[in-house]
Amino acid sequence: MEKKVFELKDNEQLFAGKVTGDCWKMPNLSINRQVSGKYYFTDKRIAFLASGLIGAESVSWEIEMKNIDKIKTCMTPPFFPFGILITMKNGDKYKLSILKRKKYFDWILEHTS
């Protein structure tokens, strides 16, 4: 199977791409689990492409900015201040772990308000 590649859509602007990080929570995993990969932030969506796993496509995801209900900062295991918890309008939750999280937190907040 070919590895998934991030591509910009029409009328979409990239804020930051290939941002190394982990995802600790996503709707298709029943338990919190560290999945490493790359984040891509555009004015329309956030995409996460998992890396280094067999079946990485199954834990890769993208969410539309317009579907985000709320965000807050949080800790990631064991007790690191790198987390951003995103709650979608449908109740799904994503926990991102990114160095320099304030930059991305502020950007997400600005694009969902």
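Located above this text is the structure these notes cover.
Computed from a predicted model, the values in this text were never measured in an experiment.

Scoring rules and cut-offs
- Residues numbered from 1 in each chain as written.
- Predicted model: local features only at pLDDT ≥ 70, side-chain atom pairs only at ≥ 80, totals over all residues.
- Heavy atoms only, no water.
- Core = buried A, V, L, I, M, F, W, Y, C linked by side-chain atoms within 4.5 Å.
- Buried < 20%, exposed > 50% of the residue type's maximum accessible area, 1.4 Å probe, protein only.
- Helix = DSSP H or I, 4+ residues; strand = E, 2+ residues; numbered from the N terminus.
- Contact = heavy atoms within 4.5 Å.
- Pairing = 2+ DSSP bridges.
- Axes fitted to C-alpha atoms, helices over the stretch in contact; angles between N-to-C directions.
- Salt bridge = Lys/Arg side-chain N within 4 Å of Asp/Glu carboxyl O.

A. Looking closely at the nonpolar core. Ranked by size, the top nonpolar core spans 26 residues in total, and within it Y39, F41, I46, W61 and I86 carry the most contacts. Of all the secondary structure elements, the ones that give two or more residues to this core are strand 1 (14-25), strand 2 (35-42), strand 3 (45-50), strand 4 (61-64), strand 5 (68-76), strand 6 (80-88), strand 7 (93-97) and helix 1 (101-112). Considering every element that reaches this core, the biggest residue donor is helix 1, with four residues. Those residues in contact with I46, other than ones at most four positions away along the chain, are Y39, Y40, F41, W61, E62, I63, M65, I68, I86 and I108.

B. Looking closely at the sheet that holds strand 7. Sheet architecture is open: seven strands sit in the order 4-3-2-1-7-6-5, paired in antiparallel fashion. Single-partner strands in this sheet number two, and they are strand 4 and strand 5. Averaged over all neighbouring strand pairs, the angle between strand axes comes to 30°, with direction disregarded. Pairing between strand 2 and strand 3: five bridges, direction antiparallel. Paired with G37 across the strands is A50, a residue of strand 3.

C. Highlighting the pattern of salt bridges. For the coordinates displayed, the defined rule picks out six salt bridges. Between E12 and R45 there is a salt bridge, with the nearest N and O atoms lying 2.6 Å from each other. Taken together, the residues E12 in the segment before strand 1 and R45 in strand 3 connect sequence positions 33 residues apart. As far as the burial class goes, E12 and R45 line up, both buried. Notably, a salt bridge pairs E62 with R45, separated by 2.8 Å at the nearest N-O pair. Of this pair, E62 sits in strand 4 while R45 sits in strand 3, and the two are 17 residues apart along the sequence. Using a relative accessible area of 3% as the deciding quantity, one classes R45 as buried.

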